[in-house]
Amino acid sequence: MELVVPALDHQAAFTRFYDDFAQFDPENADYYWPGKDDFPTYVTRLTDESLGKNLRKGYVSTPV
């Protein structure tokens, strides 16, 4: 397994991941639904979160 920075060119792989996850762990698949529903916005959100920007309620930035 290789961890990579989320990027728009990973959409097809993310879709395969989500579909598999939804089939085998449907109770937790909702966590990833935003990526299936709107991948570009999801990537932007993940990028922002990694930079401590536009954090959702309950999220805190961490020092790098």
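Since we're looking at a predicted model, the values are computed, not measured.

1. A few points about unusual backbone geometry
Phi at asparagine 54 takes a positive value of approximately 50°, unusual for a residue other than glycine. Looking at the secondary structure, you find asparagine 54 in the segment after helix H4 (39-50).

2. Structural notes on the side chain of arginine 45
Position of arginine 45 relative to the elements: it lies in helix H4. The exposure class of arginine 45 is buried, given its relative accessible area of 18%. Not counting chain neighbours up to four residues away, the residues in contact with arginine 45 comprise Pro34 and Arg56.

3. Observations regarding the environment of threonine 62
The residue threonine 62 is located in the segment after H4 in this model. Judged by relative accessible area, threonine 62 falls into the exposed class, the value being 61%.

Procedures and definitions
Residues numbered from 1 in each chain as written. Predicted model: local features only at pLDDT ≥ 70, side-chain atom pairs only at ≥ 80, totals over all residues. Heavy atoms only, no water. Helix = DSSP H or I, 4+ residues; strand = E, 2+ residues; numbered from the N terminus. Buried < 20%, exposed > 50% of the residue type's maximum accessible area, 1.4 Å probe, protein only. Contact = heavy atoms within 4.5 Å.

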